[in-house]
Amino acid sequence: DQQVKQNSPSLSVQEGRISILNCDYTNSMFDYFLWYKKYPAEGPTFLISISSIKDKNEDGRFTVFLNKSAKHLSLHIVPSQPGDSAVYFCAASVGTGTASKLTFGTGTRLQVTL
Amino acid sequence: DAGVIQSPRHEVTEMGQEVTLRCKPISGHDYLFWYRQTMMRGLELLIYFNNNVPIDDSGMPEDRFSAKMPNASFSTLKIQPSEPRDSAVYFCASSFLAAPRGYTFGSGTRLTVV
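All figures in this text were calculated on a predicted structure; none of them were measured in a lab.

Chemist: Tell me what's going on with the overall build of chain B, and back it up with residues and numbers.
Modeler: What chain B contains, in helices and strands, is zero helices and eleven strands. The C-alpha radius of gyration computed for chain B amounts to 13 Å, which stays within 12% of the reference 13 Å derived for 114 residues, consistent with globular compactness. Its C-alpha atoms put chain B at 40 × 25 × 25 Å along the principal axes. Sorting the 114 residues of chain B into buried and exposed places 48% on the buried side.

Given below as structure tokens:
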């Protein structure tokens, strides 16, 4: 049973436009959410996170939005750049600030075109 | 710090053979995780250790899989005997307790069982 779902396997966006990546979860106990970015032949790297006490967290061009009632979060990248082309994984855990188990989604491959 | 180091980067083996994947975590990290990435299931947690002790191995798919952490700087994931459906990318990650930003992943081992 997939507790974290990324229903779009791929997304193509023009350079300079907004990229929106979506993630849904089913476990209401999840209270900490993260996005990881993965380039080919490399391991995933941390991008941005959000705690369930917030509904938005911003870091430069990256913003994560959390809608707890809908059990939905999204990652916005504005403006999109060619270097953002990668696979993005959504992850969730019960508990914040600890190395508790992260449950990952299946990933969304973002392609930013010129 | 060199980061989390995994070896080998690629492994091709015949069905029925034993496969051993290796991981060196970041010094000072007391949690170590083994994940498997497939297209269908994304990143799945197989097992994790805290202070070299296995804490949760509920993700290990079958008895053919085993993992050890003999000391704080080394872990192995063994598959014996290997099967074609074990073909995937296996990631090791490490973290320390108060790590709100999640894990640091290695570059992964791509396993192909023919």
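Chemist: I'd like a description of the environment of Ser66(B), backed by residues and values.
Modeler: Residues and elements named next belong to chain B. With respect to the helices, strands and loops of the structure, Ser66 is situated in strand β7 (residues 65-71). When the C-alpha positions of Ser66 and Gln80 are compared, they lie 8.4 Å apart, and in sequence the two are 14 residues distant. What Ser66 contacts, discounting residues up to four positions off in sequence, is Met60, Thr76, Leu77 and Lys78.

Chemist: Run through the sheet that holds strand β8 (residues 74-79) of chain B, naming residues and quoting values.
Modeler: Residue and element names in this part refer to chain B. With antiparallel pairing, four strands are arranged side by side in an open sheet as β1-β3-β8-β7. Two strands in the sheet have a free side with no partner beyond their single neighbour: β1 (5-7) and β7. When the angles between neighbouring strand axes are averaged without regard to direction, this sheet yields 15°. Where β1 meets strand β3 (residues 19-24), three bridges bridge the pair, whose relative direction is antiparallel. Each residue of the ladder has a partner; that of Ser7, found in β3, is Arg22.

Chemist: For the interface of chain B and chain A, give the residues involved together with the corresponding values.
Modeler: Taken together, the contacts link 27 residues of chain B with 21 residues of chain A. With both chains or domains summed, chain B and chain A bury close to 1,800 Å², and 56% of this area falls on carbon and sulfur atoms. Connecting chain B to chain A are zero salt bridges. Of the residues assigned to the side of chain B that touches chain A, the class counts are 16 nonpolar, seven polar and four charged.

Chemist: Let's hear about the pairing of β7(B): which residues, and what values?
Modeler: Residue and element names in this part refer to chain B. Alignment of β7 against β8, held across five bridges, turns out to be antiparallel. Among the inter-strand pairings, Ala67 is bridged to a residue of β8, identified as Leu77. The hairpin formed by β7 and β8 contains two residues between the paired strands.

Chemist: Could you give me a rundown of the state of the cysteines, with the residues and numbers involved?
Modeler: All names here are of chain A. For the coordinates displayed, the defined rule picks out two disulfides over all chains. The residue that forms a disulfide with Cys23 is Cys90, at a sulfur-sulfur distance of 2.0 Å. Where Cys23 bonds to Cys90 through sulfur, the torsion about that S-S bond is close to -75°, and the disulfide is left-handed. Note that Cys23 is positioned in strand β3 (residues 19-25) and Cys90 in strand β9 (residues 86-93), a separation of 67 residues in sequence. What makes Cys90 buried here is its relative accessible area of 1%.

Chemist: A description of the sheet that holds strand β1 (residues 4-5) of chain A should follow, citing residues and the corresponding values.
Modeler: All names here are of chain A. The strand order β1-β3-β8-β7-β6 describes an open sheet built from five strands, whose pairing is antiparallel. Among the strands making up the open sheet, the edge pair consists of β1 and β6 (56-59). Where strand β7 (residues 62-67) lies against strand β8 (residues 72-77), six bridges are found, and the strand directions are antiparallel. Bridging across to β8, Phe65 finds its partner in Ser74.

Chemist: Summarise the packing of aromatic side chains; cite the residues concerned and give the values.
Modeler: Counted according to the given criterion, the structure contains 16 aromatic pairs over all chains. Residues Phe89(A) and Phe104(A) carry aromatic rings whose centres are separated by 6.4 Å and whose planes lie at 85° to one another, so their mutual orientation is edge-to-face. In this pair, Phe89(A) is assigned in strand β9 and Phe104(A) in strand β10 (residues 103-104), connecting sequence segments 15 residues apart. No difference in accessibility class separates Phe89(A) from Phe104(A), as the two residues are buried. An aromatic cluster is present here, built from Tyr36(A), Phe46(A), Phe89(A), Phe104(A), Tyr31(B), Phe33(B), Tyr35(B), Tyr48(B), Phe91(B), Tyr103(B) and Phe105(B) joined pairwise through their rings.

Chemist: Mind laying out the nonpolar core, listing which residues take part and the relevant values?
Modeler: Counting residues in hydrophobic clusters, the biggest one holds 23 residues, and the most contacted among them are Phe33(A), Trp35(A), Leu73(A), Leu75(A) and Tyr88(A). Elements that contribute at least two residues to this core include exactly β3, β4 (32-38), β5 (45-51), β7, β8, β9 and β11 (108-113) of chain A. The greatest single-element share of this core, amounting to four residues, is contributed by β9(A). Once residues lying within four places of it in the same chain are set aside, the contact partners of Phe33(A) are Tyr25(A), Ile48(A), Ser49(A), Ile50(A), Leu66(A), Leu73(A), Ala91(A) and Ala92(A). In this structure, Val19(B), Leu32(B), Leu77(B) and Leu111(B) belong to the second largest nonpolar core, which totals 21 residues.

Cut-offs used in this document
- Residues numbered from 1 in each chain as written.
- Chains lettered and ligands numbered in written order.
- Predicted model: local features only at pLDDT ≥ 70, side-chain atom pairs only at ≥ 80, totals over all residues.
- Heavy atoms only, no water.
- Helix = DSSP H or I, 4+ residues; strand = E, 2+ residues; numbered from the N terminus.
- Rg over C-alpha atoms; globule rule 2.2 N^0.38 Å.
- Buried < 20%, exposed > 50% of the residue type's maximum accessible area, 1.4 Å probe, protein only.
- Contact = heavy atoms within 4.5 Å.
- Pairing = 2+ DSSP bridges.
- Axes fitted to C-alpha atoms, helices over the stretch in contact; angles between N-to-C directions.
- Buried area = accessible area lost by both parts, 1.4 Å probe.
- Salt bridge = Lys/Arg side-chain N within 4 Å of Asp/Glu carboxyl O.
- Nonpolar A, V, L, I, M, F, W, Y, C, P; charged D, E, K, R; others polar.
- Disulfide = S-S within 2.5 Å.
- Phe/Tyr/Trp six-rings, centres within 6.5 Å; stacked < 30°, edge-to-face > 60°.
- Core = buried A, V, L, I, M, F, W, Y, C linked by side-chain atoms within 4.5 Å.

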